[in-house]
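Structural overview for review
Each chain, written out:
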Protein chains: 2
Amino acid sequence: MGGDHGPSVVVPAVAQALAELPEHVCFLLHGDEAQLAGQVAQHPGAAGRVTIRHAERVIGMDEKPAQALRRGKGTSMWNAVEAVREGEAAAAVSAGNTGALMAMSRLILRMIADLDRPALVAQIPTPNGVTTFLDIGANVDCDAERLVEFAIMGEAYHRAAHGKPRPSVGLLNVGSEEMKGHEEVREANRVLRAGAFDLDYRGFVEGDDITKGSVDVVVTDGFTGNVALKSMEGVARFITGELRTALTSGTMATAGALLARGALRKFRDRMNPPPAAPLLGLHGLVLKVHGGASGRDFAQALRVAGDLAQSDFAAEIERNMTRLPAALADTSPEPADGAA
Amino acid sequence: MGGDHGPSVVVPAVAQALAELPEHVCFLLHGDEAQLAGQVAQHPGAAGRVTIRHAERVIGMDEKPAQALRRGKGTSMWNAVEAVREGEAAAAVSAGNTGALMAMSRLILRMIADLDRPALVAQIPTPNGVTTFLDIGANVDCDAERLVEFAIMGEAYHRAAHGKPRPSVGLLNVGSEEMKGHEEVREANRVLRAGAFDLDYRGFVEGDDITKGSVDVVVTDGFTGNVALKSMEGVARFITGELRTALTSGTMATAGALLARGALRKFRDRMNPPPAAPLLGLHGLVLKVHGGASGRDFAQALRVAGDLAQSDFAAEIERNMTRLPAALADTSPEPADGAA
């Protein structure tokens, strides 16, 4: 029911995803039965693979998370997340209110580690693929343990979402030398370097490595990640604007100029919120689709959800997470010269 | 003597700056007398306004700061900074080794507050001017007091460098609400909001406000600032590369496409290290010019140094700094609802 368009975008997207996903994949649609049934009836292929679960109420896009929690029970969003907890669904996908979805998911599914909130992932375009970048805003204060958890979760997500067998992982810092940065990143670096995890850890990376694609997964705290993401979006928007000015300021509305604008638009589209951002760190799969998602975006999100649900994602995270307490204990907090 | 080109760029730049600066402005040139004299002789206009101060040695561009300090005395860089302490020069300008210049400046001139290291400033292009952005990497760990000091120094710098009577100041955060962010930014926000300083403080801003130009001065810690700056540079480089590919991949090398490339190049030039970055927080003016600076860049840096030296920059910083201890004491660390 969520997002800017509701069932008129979601139901056709479900029909499209059903055509692409294996036969055994089915959907539970939570929301207003009358509205949903009307939409589903227009897609004969959906018959038998879609079950409508009526919900009396819907969480508003501008409700505060605390309010959404208080009156959440019985809403379509609540029921979708609860279906994951009950084992009825392998994943929940929503284009609804992000804060409410995070709060409900945390309450209903609980966190696998002692994270404050689920970590949010961005997919940043690079010349030869995408960088998985986390946390982009959920966990503002992060100690070394938190950063190591992000590395574990981001690596498993990148493999499941992009099919790369062994994604490389870097830790965002202000330089590549071991003694650079604040104590939290230096400790996380020591823990990851010590090699207790099944991870291709490459050490520190810097801000420009995010778009270079130097590593597949770039890990940082939610404060730095949010600022970096928005700063990058700002530059993309600024360049688009400058270019538009340059291209409309004279006699130059040529085919080449239009092509240049196309290239920029493509970049900005790729910089936009990815179709599906998982909430990482929950006992169960929840994916957030951005509110303005098109049918194609939503279908793509459903495909990613399917890939994640069929992957070893959760087991891989679990396996590395169980090694974390020993790894933290083994790594002395401040070795003599800061070197691993 | 510093930078990639040494006296062959610096001396012509001095001659150019002399032609633009008031008659009473003179230069001390520190370095190898023979080399410098040969260059100066080629600029008749420089006679009488340039004094060569011979130095036996020069700091190498790749010397470590600690090494540069040990063997620094008597080098051209050391002498230039010392001339500021002795009151012989109003400002020191160098294109030499940044780490060495910072370490020497801190040792010789001392910090005005209990900053670890001088703060570094970037000038980020916006649709209608530039944003002064600091700290971009010198002070990795920043408490609230440090952030308030950056606000004071950045505001005075923006006024002196850009002639704007009352620059607006924002504090970088992950949202604009008072309760957002970690404790350091929330406390700095309370202190700045309380109004003890002569500052146009506008509250929290987000990453994309840097290139929007929402405020004139954006303040953050050196970790976040360095990551944000490099992330932004990475996006500019990525877009340039994508565009180049798009423009050379077909039949589209048109005038419009070339124009688009020109607009991008202009942006990248503006994103590059500004000609003159002041080391903020010292008892005395020191400006760093980037190593690859052209003669025009260097002349521009000398003009900025002149503007700063003739402004009330230092007195304005001093005036606000003396209000800081009381402002910190007045602002309770944790008010009931986090609101000012």
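Here is a short report on the structure shown in this document. (Residues numbered from 1 in each chain as written. Chains lettered and ligands numbered in written order. Predicted model: local features only at pLDDT ≥ 70, side-chain atom pairs only at ≥ 80, totals over all residues. Heavy atoms only, no water.)

Observations regarding the overall build of chain A
If you tally the helices and strands in chain A, you get 13 helices and ten strands. Of all 340 residues assigned to chain A, the portion counted as buried reaches 56%. Once local pairs closer than 6 in sequence are excluded, the contacts in chain A between residues at least 24 apart make up 70%. Total accessible area on chain A stands at roughly 13800 Å², and carbon and sulfur atoms take up 49% of it. (Helix = DSSP H or I, 4+ residues; strand = E, 2+ residues; numbered from the N terminus. Buried < 20%, exposed > 50% of the residue type's maximum accessible area, 1.4 Å probe, protein only. Contact = heavy atoms within 4.5 Å. Areas by Shrake-Rupley, 256 points an atom, 1.4 Å probe, with all protein chains shown as cover.)

Remarks on the side chain of A:Glu155
Residue and element names in this part refer to chain A. With respect to the helices and strands, Glu 155 occurs in helix α6 (residues 144-162). In this structure the side chain of Glu 155 is engaged in a polar contact, spanning 2.9 Å, whose partner is the side chain of Arg 159. The residues touching Glu 155, leaving out its near neighbours within four places in the chain, are Pro 167, Val 169, Asp 198, Leu 199 and Val 217. (Polar contact = N/O pair within 3.5 Å; in protein donor to acceptor, adjacent residues only side chain to side chain.)

Side note on a positive patch on the surface
A cluster of basic residues, A:Lys64, A:Arg106, A:Arg117 and B:Lys180, forms a positive patch on the protein surface. What makes A:Arg106 partly exposed here is its relative accessible area of 35%. (Patch = residues over 30% accessible without salt bridge, like charges linked within 9 Å, V, L, I, M, F, W, Y side chains within 5 Å. Salt bridge = Lys/Arg side-chain N within 4 Å of Asp/Glu carboxyl O. Lys, Arg positive; Asp, Glu negative; His and termini not counted. Charge placed at Lys NZ, Arg CZ, Asp CG, Glu CD.)

Description of the pairing of strand β3 (residues 91-94) of chain A
Residue and element names in this part refer to chain A. What you see with β3 is a clean split: Ala 92 and Ser 94 sit on the buried side and Ala 91 and Val 93 on the side with no burial. The pairing of β3 with strand β10 (residues 285-288) spans four bridges and is parallel. Each residue of the ladder has a partner; that of Ala 91, found in β10, is Leu 285. (Pairing = 2+ DSSP bridges.)

Overview of the pattern of salt bridges
For the structure on display, the rule yields 34 salt bridges over all chains. Residue B:Glu316 pairs with B:Arg159 through a salt bridge whose shortest N-O separation is 2.8 Å. Residue B:Glu316 is located in helix α12 (residues 313-322), and its partner B:Arg159 is located in helix α6 (residues 144-162); the two are separated by 157 residues in the primary sequence. Here B:Arg159 falls in the buried class, since its relative accessible area comes to 18%. A salt bridge links B:Asp208 to B:Lys212; the nearest nitrogen and oxygen atoms lie 3.5 Å apart. Using a relative accessible area of 45% as the deciding quantity, one classes B:Lys212 as partly exposed. In the salt-bridge network here, residues are joined through shared partners; they are A:Glu82, A:Arg85 and A:Glu86.

What to know about a negative patch on the surface
On the surface, a cluster of negative charge is made up of A:Asp116, A:Asp141, A:Glu184, B:Asp116, B:Asp141 and B:Glu184. Within the secondary structure, B:Asp116 sits in the loop between α5 (98-109) and β4 (119-126).

Thoughts on helix α11 (residues 295-310) of chain B
Its 16 residues give α11(B) an end-to-end C-alpha distance of 23 Å, which sits within 8% of 22 Å, the value for a rise of 1.5 Å per residue. Along α11(B), the residues that are buried comprise B:Phe298, B:Ala299, B:Ala301, B:Leu302, B:Val304, B:Ala305, B:Gly306 and B:Leu308. (Expected span 1.5 Å × (residues − 1).)

Some details on the pairing of strand β6 (residues 168-172) of chain A
All names here are of chain A. Burial within β6 is extensive, with five of its five residues counted as buried. The alternating pattern of β6 places Ser 168, Gly 170 and Leu 172 and Val 169 and Leu 171 on opposite faces, both of which are buried. In this structure, β6 lies alongside strand β7 (residues 200-205), joined through four bridges in parallel fashion. Each bridged residue has a counterpart across the sheet, and for Val 169 the counterpart in β7 is Tyr 201. Handedness of the β-α-β unit built from β6, helix α7 (residues 183-193) and β7 comes out right-handed. (Right-handed = clockwise from strand over helix to strand, strands pointing away.)

Remarks on the sheet that holds strand β9 (residues 276-280) of chain B
Residues and elements named next belong to chain B. As summarised here, the arrangement of the eight strands in space is β3-β10-β9-β4-β5-β8-β6-β7, forming an open sheet in which the pairing is mixed. In the strand order of this sheet, the two ends are held by β3 (91-94) and β7 (200-205), each with one partner. Neighbour to neighbour, the strand axes of the sheet diverge by 30° on average, direction disregarded. Packed onto the sheet, helix α4 (residues 76-85) meets β3 and β10 (285-289) and runs at close to 160° relative to β3. (Axes fitted to C-alpha atoms, helices over the stretch in contact; angles between N-to-C directions.)

Some words on the sheet that holds β3(A)
Residue and element names in this part refer to chain A. Reading across from one edge, β3-β10-β9-β4-β5-β8-β6-β7 is the order of the eight strands in this open sheet, with mixed pairing throughout. Each edge of the open sheet carries a strand with a single partner, namely β3 and β7. Put simply, the sheet's adjacent strands are angled 30° from each other on average, direction ignored. Here six bridges tie strand β4 (residues 119-126) to strand β5 (residues 129-134), and the two strands are oriented antiparallel to one another.

Here's the deal with the packing of aromatic side chains
Both the distance between ring centres and the angle between the ring planes are used here to describe each pair of aromatic rings. Residue and element names in this part refer to chain A. Taken as a whole and judged by the stated rule, the model has two aromatic pairs over all chains. Centroid distance Tyr 157 to Phe 313: 6.5 Å. Interplanar angle 70°. Geometry classified as edge-to-face. Highlighted residues: Tyr 157 in helix α6 and Phe 313 in helix α12 (residues 313-322), separated in sequence by 156 residues. Both residues of the pair, Tyr 157 and Phe 313, belong to the buried class. (Phe/Tyr/Trp six-rings, centres within 6.5 Å; stacked < 30°, edge-to-face > 60°.)

Description of the environment of B:Phe238
Residue and element names in this part refer to chain B. Examined against the element boundaries, Phe 238 turns out to sit in helix α9 (residues 222-248). What makes Phe 238 buried here is its relative accessible area of 6%. Through-space distance from the C-alpha of Phe 238 to that of Glu 86 is 46 Å; in sequence the pair is 152 residues apart.

What about the packing of helix α1 (residues 7-20) of chain B against α11(B)?
Residues and elements named next belong to chain B. At their nearest, the axes of α1 and α11 sit 8 Å apart, and the two run at 50° to each other. Judged by the inter-axis angle, α1 sits oblique to α11. Read as a crossing pair, α1 and α11 show a hand that is right-handed. Contacts between α1 and α11 involve Val 9, Val 10, Ala 13, Val 14, Gln 16, Ala 17 and Glu 20 from the former and Gly 295, Arg 296, Phe 298, Ala 299, Leu 302 and Arg 303 from the latter. (Parallel < 35°, antiparallel > 145°, perpendicular 65-115°, else oblique. Left-handed = near helix turned anticlockwise from the far one by under 90°.)

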